[in-house]
Amino acid sequence: MGTLSFGALLLLLLLLLLRAVPCPGQLAGDTVFQPSFIHMSGPRVNSFFLGNSSGVNFSIILSPRDAEPGKLQLANCSGSKRAGDWNLDVTPGVNISKVTVSLSRTLELCLPNATECCPSPLCVVETLQVLACRGSVMLAQLLIQAEIFANSSFAGNVSENATIIPNQAFKPLGSCPCNLTAGACDVRCCCDLECTPDLQQLFNGSCFTGVFGGDVNPPYDQLCSSQSMEYTPEWFPFLCVQSSLDNTPFLGYFYHGSISSPQVPSFKILLQTSPGKPFTGYREGDPIITEEDEYFTVPQQSMAGQCVGNAPVAYLHNFDVKCPTSLGSYKEGLPHDVRINTGTADFIQQNVVYRAITDRGKFITESENLLAAEVLCQNVTFAEHYKFIWKDKNIEQVNVTVFFGSLCDGEILTQRFTVEFLSLNSTNGEELFENPGYQVGKPVKAANLNDSDSLGSLNIWQPAGRGLCASATDRPVLFGVDSYSGCILEVDINEDCNLLRGNVTEKLNALIQATHIGKRDNSSYSDLNDWVEIIRLDPFSSNVSTGGLKGFCPDIPANLNIRIIFAKVGAVQGIPQQEILAVQISYSTVLWQFQCGLGCRNTLSFLPITASVQFIEVPAQPPPPVTRYQKIYAEFDCNQNEVCWPQLLYPLTRFYTGEPYSQCLAKGLFLAFLVLLATIMSNPWFSKLWNR
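Owing to the predicted nature of the structure, the values given are computational and were not obtained by experimental measurement.

A separate point is the sheet that holds strand E9 (residues 137-149). Read from one edge to the other, the open sheet built from four strands follows the order E2-E9-E8-E4, with strand pairing classed as mixed. This sheet does not close on itself; its edge strands, each paired only once, are strand E2 (37-40) and strand E4 (57-62). On average, each strand axis in the sheet is inclined to that of its neighbour by 20 degrees, with strand direction left out of account. The pairing of E2 with E9 spans four bridges and is parallel.

Ranked by internal contacts, the top residues of the largest apolar core, which has 41 residues, are Val444, Leu458, Leu500, Ile517, Leu560 and Ile580. When residues of this core are assigned to their parent elements, the largest contribution, seven residues, is made by strand E27 (residues 552-572). Setting aside chain neighbours within four positions, we find valine 444 in contact with Tyr438, Leu458, Val477, Leu478, Phe479, Ile517, Ile580 and Phe615. Formed by 28 residues, the second largest nonpolar core is a distinct cluster that contains Ile38, Leu103, Val124 and Leu139.

Backbone torsion omega between glutamine 34 and proline 35 reads 0 degrees, so that peptide bond is classified as cis. The topology assignment puts proline 35 in the loop between strand E1 (32-34) and E2. Here the phi dihedral of leucine 316 falls at roughly 70 degrees; this positive angle occurs in a residue that is not glycine. By secondary structure assignment, the location of leucine 316 is in the loop between strand E11 (307-308) and strand E12 (319-326). Relative accessible area serves as the criterion here: at 10%, leucine 316 is assigned to the buried category. Even without a glycine there, the phi angle at aspartate 555 is positive, about 55 degrees.

What follows is about the pattern of salt bridges. One pass over the structure, following the stated rule, counts seven salt bridges. We note a salt bridge from arginine 416 to aspartate 320, for which the minimum N-O separation is 2.6 Å. Taken together, the residues span a long stretch of sequence, with arginine 416 in strand E19 (residues 411-423) and aspartate 320 in strand E12 at a distance of 96 residues. Among the salt bridges present, the one from lysine 667 reaches glutamate 659, with a minimum N-O distance of 2.9 Å. Relative accessible area serves as the criterion here: at 31%, glutamate 659 is assigned to the partly exposed category. Ionic contacts of the salt-bridge type, sharing partners, join the residues Arg520, Asp530 and Glu579 into one network.

The rules behind each value
- Residues numbered from 1 in each chain as written.
- Predicted model: local features only at pLDDT ≥ 70, side-chain atom pairs only at ≥ 80, totals over all residues.
- Heavy atoms only, no water.
- Pairing = 2+ DSSP bridges.
- Helix = DSSP H or I, 4+ residues; strand = E, 2+ residues; numbered from the N terminus.
- Axes fitted to C-alpha atoms, helices over the stretch in contact; angles between N-to-C directions.
- Core = buried A, V, L, I, M, F, W, Y, C linked by side-chain atoms within 4.5 Å.
- Buried < 20%, exposed > 50% of the residue type's maximum accessible area, 1.4 Å probe, protein only.
- Contact = heavy atoms within 4.5 Å.
- Salt bridge = Lys/Arg side-chain N within 4 Å of Asp/Glu carboxyl O.

What follows is the structure in structure tokens.
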């Protein structure tokens, strides 16, 4: 390192000296107001007292209005924290205190016969002193010059009549767009009403044309009286439009008649609570309604797998979801004091029980290591369990159990929300089989009737971690919920194709540990008629030789397809009774080829294998065969054909309202006459008669 020059040493010494010099206006004892002088133009101002405020008394002094200009009132330490209309507030701190001076009066201009207001726009012109004293010794002084103007407000009469803006599809918002200057005549703007006739004579021949010049409703080309078309077609004016300019397509709508608004479903259900039209109860899948006619919401998972906080709860649909969150993104859900509509326009209160979490390890995941002094913690909801007691179409009772605990900054919380519907006749928390059919969201019942242990399972994968099949878990197939899941299988480049097919088939078959599927949710293991046998379509056995190629295997059964056919065979207390009719399992094959990376250093490749579940609804009874009449009539059915022959003469019917019926009938008869005349003239005997 080189030595410092003389100039650098001198500069360093000067900086040290300046650092030791006190701030301007600072008194003895290193105490000072910063800033020490303030020009105040608003009702509140802040300053800071630098130094130890222990044992320091703060006071405010208001200089008299008749004091001689340039001279201040003699400062003394016997003042208080209020002077006239001014208040002094001090917020103490460590070696720094915040000092706030505020005005306690209003700043409105005086109206007739009004007091405590400002007689002139310049409302306050005063001089203030803020003193900091320890005993009778003044430590620091703050000087404030206040010049505050009154708040400007409109003192006239305000009209509550809102400006009505017409529908611009029929009437233009501005009838004279070239009128750009208020209170003056715009040159060449002949529609400007502020232009006198004498001024209009100066530019009468050079007025703006088109829409900008005030022609906001020009005649269109299809109008019979329009002559603006440069190239008139041969059919004009035989097929032109005869109408007034009020009926124009220029602004948007062609015909200003009665318009039927579409029936758009609303997110808010209007309950019929009047005695004449009571609310008739819930059906399966209906959203539960609160007292405020809004949806009762509980966080749920969307189709994309993300948690939605304002998802409505559907009647008789159970769910169990987990939603990760952090302290920064945590949001409280719907309050538990919200009353719920029972289904008959009556309202019930939720029975809420609060419990503290004892084992946070089941919910908390550490994400960051923060110092204990820096961690911010807050009591949040860890889990909410809802139990709806129902009967018929009504909700009888709602029991809620809320688990809460402490969540700190840097931790990831996995919240759990469950909703369970229990019948009023259920015992010990087990649902009685009032409806023997399946309900949407409940597990499909499986059995292995060829084994002594009849219990079976029908599952799909639930990947975890890296998505490998070795670490993947499974979950049951839920009725009515189409699913698609999979995992990744690690395959070596030297893998034998036959062994690979057998390994993949074994992993797929491990998901289906059953030979039969229950027709209903209450299927009995002792009654074979309550079960349907699984139809298995075994994977195609390939005999294709790879010729000794490595990393190449055809016909790998990598996709498992589960198709479940069901039907609605009836209803119990208004709830559909759904029954499974058949189950088919098939395989789809793929071509596996080793994917070589950079340099082909890795001898492992990946093979994704998947499982899909599809529910197909069919009629409970075969539909009646199509009669011969229906087959013939299908040609004239407007809903099944692009050409609708029955509507060929639609303009001549009473349903057509585009024109008066008399005009439509006259034009139709004239058109029929032309067709008849053309038919007669095309006959050979007509030409012979004409030649004679």
